[in-house]
Amino acid sequence: VQLQASGGGLVQAGGSLRLTCAASGRTFNSYIMGWFRQAPGKEREFVAAINRNGVNTKYDDSVKGRFTISRDNAKNTVYLQMNSLKAEDTAVYYCAVNSGSYYYIGTSEGSYDYWGQGTQVTVSS
């Protein structure tokens, strides 16, 4: 599986961005998809994830109510809509595939076995 993340950029606090992650392969709808982020000097952390059919989602408390994860299985794409951005959202954002779980949406890095290259999101205050 190959993942290509895009959509990052520089935005003012309170603004919005939509990240896109395009996946290769014909079994995209078999995978749980996740977004993680890594700020300078910090470990990579879970942001959001979505199950195979897009019905169930999970969010870190820090982004609940502001970020929305969604997917389009026909386009092999997962999205992260980020609203009301804060300076503390500044990080490199990564999309990832959990190919081993059928139902459970994991939040640890170890639950995900394929990773994209990351896209930089910078929020100015």
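Keep in mind that this is a model prediction, so the values were computed, not measured.

Undergrad: What is the right way to look at the sheet that holds strand β8 (residues 77-82) in this model?
TA: Each strand in a sheet pairs with another by means of backbone hydrogen bonds, the pair being arranged parallel or else antiparallel. Read from one edge of the open sheet, four strands run β1-β3-β8-β7, paired in antiparallel fashion. The sheet is open, and its two edges are formed by β1 (3-6) and β7 (67-72), each paired on a single side. Across the sheet, the axes of successive neighbouring strands diverge by a mean angle of 15°, strand direction being ignored. Relative to β8, strand β3 (residues 17-23) is paired through six bridges, and the arrangement is antiparallel. Each bridged residue has a counterpart across the sheet, and for L19 the counterpart in β8 is L80.

Undergrad: Looking at this structure, I do not really get the state of the cysteines. What am I missing?
TA: Covalently bonding the sulfur atom of one cysteine to the sulfur atom of another cysteine gives a disulfide. Enumeration over the complete set of coordinates arrives at one disulfide. Here C21 engages in a disulfide with C95; their sulfurs sit 2.1 Å apart. Measuring the twist about the S-S bond at about 60°, one finds the C21-C95 disulfide to be right-handed. In this pair, C21 sits in strand β3 while C95 sits in strand β9 (residues 91-98), placing the two residues 74 residues apart along the sequence. Like C95, C21 is buried.

Undergrad: Is there a simple way to explain the packing of aromatic side chains in this structure?
TA: For any pair of aromatic rings, geometry is given as the distance between the ring centres together with the angle between the planes. For the coordinates displayed, the defined rule picks out five aromatic pairs. Taking the centre distance of 4.7 Å and the plane angle of 85° together, the rings of Y102 and Y103 count as edge-to-face. Of the two residues examined, Y102 and Y103, each falls in the exposed class. Three or more aromatic residues joined by ring pairs make a cluster, and in this case those are F36, F46, Y112 and W115. One Lys or Arg, R44, reaches over the ring of Y94 and ends 4.7 Å from the middle of that ring.

Undergrad: When you look at the environment of C95 in this model, what are you seeing that I'm missing?
TA: Note on C95: relative accessible area 0%, which makes it buried. Along the sequence, C95 and S6 sit 89 residues apart, while their C-alpha atoms lie 9.8 Å from each other. Sequence-distant contacts of C95, that is, excluding residues within four places in its chain, are made with L3, A5, C21, G34, W35, Y114, W115 and G116.

Undergrad: How should the environment of G9 be read in this particular structure?
TA: Structurally, G9 can be placed in strand β2 (residues 9-12). Separated by 64 residues in sequence, G9 and N73 place their C-alpha atoms 25 Å apart. Those residues within four positions of G9 in sequence are excluded, and the remaining contacts are L17, Q120, V121 and T122.

Undergrad: Can you help me understand the pattern of salt bridges in this one?
TA: Any two side chains of opposite charge can pair, on the condition that their charged atoms come close. Counted by the stated rule, this structure contains five salt bridges. With its nearest N and O atoms 2.7 Å apart, the salt bridge here joins R37 to E45. Note on E45: relative accessible area 36%, which makes it partly exposed. The salt bridge partner of R66 is D89, with a shortest N-O separation of 2.7 Å. Placement of the pair is R66 in the loop between β6 (57-59) and β7 and D89 in the loop between β8 and β9, with a sequence separation of 23 residues. Taking relative accessible area as the criterion, R66 reaches 11% and is therefore assigned buried. Residue classification places D89 among the buried positions, given a relative accessible area of 1%.

Cut-off values and rules
Residues numbered from 1 in each chain as written. Predicted model: local features only at pLDDT ≥ 70, side-chain atom pairs only at ≥ 80, totals over all residues. Heavy atoms only, no water. Pairing = 2+ DSSP bridges. Helix = DSSP H or I, 4+ residues; strand = E, 2+ residues; numbered from the N terminus. Axes fitted to C-alpha atoms, helices over the stretch in contact; angles between N-to-C directions. Disulfide = S-S within 2.5 Å. Buried < 20%, exposed > 50% of the residue type's maximum accessible area, 1.4 Å probe, protein only. Phe/Tyr/Trp six-rings, centres within 6.5 Å; stacked < 30°, edge-to-face > 60°. Lys NZ or Arg CZ within 6 Å of the ring centre and 35° of its normal. Contact = heavy atoms within 4.5 Å. Salt bridge = Lys/Arg side-chain N within 4 Å of Asp/Glu carboxyl O.

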